[in-house]
Amino acid sequence: MKILIVYGTSEGQTRKIARFMEEVLQGGDHKVVIADATEEPPSPDGFEAVLIGASVHMQKYQSAVSNYVMRHLDILNKKHSAFFSVSMAIASNIEEEHEEIKKMTLDFLERTGWNPDEVQYFAGALKYTQYDYFKKLIMRMIAKKEGGSTDTSRDHEYTDWNNVKSFVLNFCTETVQSAR
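The structure presented is a predicted model; accordingly, all values stated were derived computationally and were not measured.

**Description of the sheet that holds strand β1 (residues 2-7)**
Sheet architecture is open: five strands sit in the order β2-β1-β3-β4-β5, paired in parallel fashion. Single-partner strands in this sheet number two, and they are β2 (31-36) and β5 (118-123). Taken pair by pair, the neighbouring strands of this sheet meet at an average axis angle of 20°, ignoring direction. In terms of strand pairing, β1 meets strand β3 (residues 49-55) through five bridges, oriented parallel. Looking across to β3, one finds that Ile3 is bridged to Ala49. On top of the sheet, helix α1 (residues 13-27) reaches β1, β2, β3, β4 (80-87) and β5; it is set at about 170° to β1, its chief contact. Along the sheet, helix α2 (residues 63-71) makes contact with β1 and β3, crossing β3 at roughly 150°.

**A word on the nonpolar core**
One broad rule of soluble globular proteins: the nonpolar side chains tend to lie buried together. Within the largest apolar cluster, 25 residues are counted, with the highest numbers of intra-cluster contacts made by Ile52, Tyr61, Val69, Ile101, Phe108 and Trp114. Mapped onto this core, the elements with two or more residues apiece are β1, β3, α2, α3 (73-76), α4 (95-112) and β5. With residues up to four places along the chain from it excluded, the contact list for Trp114 reads Ile52, Val69, Leu73, Leu76, Asn77, Ser81, Ala82, Phe83, Phe108 and Leu109.

**Observations concerning the packing of α2 against α4**
For any two helices packed against each other, one specifies the crossing angle of their axes together with the interaxial distance. In the contact formed by α2 and α4, the axes pass within 9 Å of each other and the chain directions differ by 40°. One finds that α2 runs oblique with respect to α4. Note that α2 runs across α4; the crossing there is right-handed. Contact with α2, carried on its side by Val65, Ser66, Val69 and Met70, involves Phe108, Arg111 and Thr112 of α4 and no other residues of that element. Taken together, the residues that form the contact of α2 with α4 break down as four nonpolar, two polar and one charged.

The rules behind these values
- Residues numbered from 1 in each chain as written.
- Predicted model: local features only at pLDDT ≥ 70, side-chain atom pairs only at ≥ 80, totals over all residues.
- Heavy atoms only, no water.
- Pairing = 2+ DSSP bridges.
- Helix = DSSP H or I, 4+ residues; strand = E, 2+ residues; numbered from the N terminus.
- Axes fitted to C-alpha atoms, helices over the stretch in contact; angles between N-to-C directions.
- Contact = heavy atoms within 4.5 Å.
- Core = buried A, V, L, I, M, F, W, Y, C linked by side-chain atoms within 4.5 Å.
- Buried < 20%, exposed > 50% of the residue type's maximum accessible area, 1.4 Å probe, protein only.
- Parallel < 35°, antiparallel > 145°, perpendicular 65-115°, else oblique.
- Left-handed = near helix turned anticlockwise from the far one by under 90°.
- Nonpolar A, V, L, I, M, F, W, Y, C, P; charged D, E, K, R; others polar.

So, in structure tokens, the structure goes:
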């Protein structure tokens, strides 16, 4: 099967998740094309399935992802597709944080008009070593409030890789079944 993965990232965790998906799918003998939404990704037209991911920053997803979705909306709504959202809120034990991300995702999908077959949420990472002083301070405050790590001397990854693998394999199985 030929699968397209398009992603938007701010600090690299969504790219890392997309690359992991690519490895899992290629291990299943699928042909995978992966592209950053900011770098002229290919049209979804020539693919049997499409995965699009974006991370949440400042209460929104990357505009390059929104632009890609709107530019290819008619094709995407005819393809087996999924959206994966990456955020630290999913790692939180606070249910309101989860609900806020789900609402943000629904708003994104309504605004773009895209109707993916699936939506999946993955926890991201705290990249303290990449933050400037001010951002490090803010992210540490947020992490403390939500029960995350406040050790700013290193990065902290919260992505559940088994969940990512399970999601992408199930997505492929559903794609094959819907094609029958």
